[in-house]
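# Notes for the structure review
What follows is the residue order along each chain.
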Amino acid sequence: MKEKMINFLLENANPSIKRRVKSEILNNVTPQEAATYQEQTLTEPMILKITALQKDNGWIGNGFNGGLDTQEGATKYLAEKAINKDTPVLKRAMDAFINIPLDDLCYNDRGRVFDEFKYPCLGMNLHRCACIARAGYHDIIDISPQIQLSVDSFKRVLEVESVFDILHPMKKNGKTVQVFNDYEKWVGRHHLDMLAHTQSWRSEDNIKTIAKSVNEMMRTDNPELFEFIPGSQVGCMGGCFPAQGLTVMGSGVYPSPILCEIGRNGKDYNGYYHFELIEWFARCGIVSYVPALQKIVEEIATSIDDNGVCRLPMVALDVFKCWGTFGGLQLEIDWKSKTRKACDITFRALLILHYSKFI
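Keep in mind the model is a prediction, meaning the values are calculated, not measured.

## Thoughts on the overall build of the protein
Looking only at helices and strands, the protein has 14 helices and 2 strands in total. Relative to a compact globule of 359 residues, whose C-alpha radius of gyration would be 21 Å, the protein shows 20 Å and is just as compact. Seen through its C-alpha atoms, the protein measures out along the principal axes to roughly 60 × 50 × 45 Å. A buried classification covers 57% of the 359 residues belonging to the protein. Residue pairs at least 24 apart in sequence account for 66% of intrachain contacts in the protein once pairs closer than 6 positions are excluded. Counting every atom, the protein has about 15,400 Å² of accessible surface; 49% of that belongs to carbon and sulfur. Placing the 41 positive and 44 negative side-chain charges of the protein at their respective mean positions leaves the two points 3 Å apart.

## Considerations on helix α12 (residues 291-302)
Over its 12 residues, α12 runs 17 Å from end to end, which matches the ideal 16 Å to within 8%, given 1.5 Å per residue. Listing the buried residues of α12 in full gives Leu293, Ile296, Val297, Ile300 and Ala301. Along the long axis of α12, the arc covered by the buried residues comes to 145 degrees, so they all point the same way. When the buried face of α12 is taken as reference, the exposed residues oriented beyond 90 degrees from it are Pro291 and Thr302. Check the buried side of α12 and you find it contacts α11 (275-283) and α14 (338-355).

## Brief notes about the packing of α12 against α14
Closest axis-to-axis distance for the α12/α14 pair is 10 Å, and the angle between their directions is 130 degrees. In this view, α12 runs oblique relative to α14, as classed from their interaxial angle. As for how α12 packs across α14, the hand of that crossing is left-handed. On α14, the residues that touch Val297, Ile300 and Ala301 of α12 are Ala349, Ile352 and Leu353. Across the contact of α12 with α14, the residue classes tally to 6 nonpolar, no polar and no charged.

## Concerning unusual backbone geometry
In this model, Tyr183 sits at a positive phi of 65 degrees, which is unusual for a non-glycine residue. On the secondary structure map, Tyr183 appears in the loop between β2 (175-180) and α9 (189-196). Its relative accessible area of 52% is what places Tyr183 among the exposed residues. Phi at Lys357 takes a positive value of approximately 60 degrees, unusual for a residue other than glycine. For Lys357, the position within the fold is in the segment after α14.

## Quick notes on the packing of aromatic side chains
Applying the stated criterion across every chain, the model contains 11 aromatic pairs. With a centroid separation of 6.5 Å and an interplanar angle of 40 degrees, the aromatic rings of Phe180 and Trp186 are classed as tilted. Neither residue differs from the other here; Phe180 and Trp186 are each classed as buried. Counting every residue linked through ring pairs, the aromatic cluster contains Trp59, Phe64, Phe97 and Tyr107.

## Some words on the nonpolar core
In this structure, Phe275, Phe281 and Ile286 are the most contacted members of the largest nonpolar core, which totals 108 residues. Ranked by residues supplied to this core, first place goes to α14 with 9 residues. What Phe281 contacts, discounting residues up to four positions off in sequence, is Leu192, Val214, Phe241, Leu246, Val248, Ile286, Val287 and Leu293.

## Observations regarding the pattern of salt bridges
What the rule picks out here adds up to 24 salt bridges. With a shortest N-O distance of 3.3 Å, Asp95 and Lys91 are connected by a salt bridge. Note that Asp95 and Lys91 are positioned in helix α6 (residues 88-99) at a spacing of 4 residues, about one turn of the helix. Assessed through its relative accessible area of 26%, Asp95 is described here as partly exposed. Lys91 sits in the partly exposed class, given a relative accessible area of 39%.

## Things to note about the pairing of strand β1 (residues 167-172)
Bridge analysis of β1 against β2 gives 6 bridges, and the strand direction is antiparallel. Bridge pairing in β2 links Lys171 to Thr176.

## Brief notes about the side chain of Thr87
Looking at the element boundaries, Thr87 is found in the loop between α5 (71-80) and α6. Of the residues examined, Thr87 reaches a relative accessible area of 6% and is grouped as buried. Polar contacts involving the side chain of Thr87 include one to the main-chain carbonyl oxygen of Asn84, which spans 2.9 Å. If we ignore the near neighbours within four places in the chain, the residues touching Thr87 are Gln38 and Leu42.

## What about the environment of Lys85?
Inspection of the secondary structure puts Lys85 in the loop between α5 and α6. Looking at Lys85, the relative accessible area reads 30%, which means it is partly exposed. Those residues in contact with Lys85, other than ones at most four positions away along the chain, are Leu90, Lys91, Ala135, Gly136, Tyr137, Asp139 and Ile140.

The rules we used
- Residues numbered from 1 in each chain as written.
- Predicted model: local features only at pLDDT ≥ 70, side-chain atom pairs only at ≥ 80, totals over all residues.
- Heavy atoms only, no water.
- Helix = DSSP H or I, 4+ residues; strand = E, 2+ residues; numbered from the N terminus.
- Rg over C-alpha atoms; globule rule 2.2 N^0.38 Å.
- Buried < 20%, exposed > 50% of the residue type's maximum accessible area, 1.4 Å probe, protein only.
- Contact = heavy atoms within 4.5 Å.
- Areas by Shrake-Rupley, 256 points an atom, 1.4 Å probe, with all protein chains shown as cover.
- Lys, Arg positive; Asp, Glu negative; His and termini not counted.
- Charge placed at Lys NZ, Arg CZ, Asp CG, Glu CD.
- Expected span 1.5 Å × (residues − 1).
- Arc of directions from axis to C-beta.
- Axes fitted to C-alpha atoms, helices over the stretch in contact; angles between N-to-C directions.
- Parallel < 35°, antiparallel > 145°, perpendicular 65-115°, else oblique.
- Left-handed = near helix turned anticlockwise from the far one by under 90°.
- Nonpolar A, V, L, I, M, F, W, Y, C, P; charged D, E, K, R; others polar.
- Phe/Tyr/Trp six-rings, centres within 6.5 Å; stacked < 30°, edge-to-face > 60°.
- Core = buried A, V, L, I, M, F, W, Y, C linked by side-chain atoms within 4.5 Å.
- Salt bridge = Lys/Arg side-chain N within 4 Å of Asp/Glu carboxyl O.
- Pairing = 2+ DSSP bridges.
- Polar contact = N/O pair within 3.5 Å; in protein donor to acceptor, adjacent residues only side chain to side chain.

Written as structure tokens, this is what we have:
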């Protein structure tokens, strides 16, 4: 199966996917191959557009959160396209993360800075650190406190009897909502993003703790906790994981992709495989400890046809195509052909199967 998937991608995929297959899966990309793939990728229209949007200070676009015309969306895209770390467009963007303060208006938060250690799952610095981790710059820009915060946030799920133990009521917009106490911890997608793309936190105990936490959040036996997402004392939250009901079978891109929800035209997206979250959990090394994830990985493996192509009928495609804060997986320049679409989906399936050690 693995050989067929690799052969399909090396024959049909774009240069960035081929490079990642050779470097991440086969570990045999040569310097000459890497240079050729890099040269080809840098001429793609979207890379050229991102480069043209970069300002003198290294910031990409006119804002932080959003699509490929923003700093967050563009840096994640460049990283996923396997652009070399020393490529000017990526290096200058990372330099901007070092030199531009968090209260700068380019962060689109009206000059406010929310301390991610005081407000769980909140604060532009969490988004910033996730971008740095994705780009592989955590060895240059110190995000170790945020990586530890991510581990501790997963641990906190196991330390409390109920999430309501760390909440208090608060009036917001005329309604009483339950919000976190100051300096509490809870886990969200940006914590998971950081852990999926870094290594320093990894120990057998930490990996098992993350797995136990995910198993706890995937429970569905308490109606009071099921799909309950706590609020924040300040600002707007997105990506905070629920007390129970965590799933990777949903397609929502915003505000929180872990919820099963009714999508456009009333279509039920409950049964859609959310490849981004599945890949991140696989990268964290927890699949073998989480029965629900094991089952899903087995289903992905079963969907691979005789040509090595992933044929899952229900994949959350919005998550592939919507590059930004809550999604972004598409590496092919477009999906005008079925083959290019199949390459993107099959590549992510290969990563999931590889990092979950299924193949």
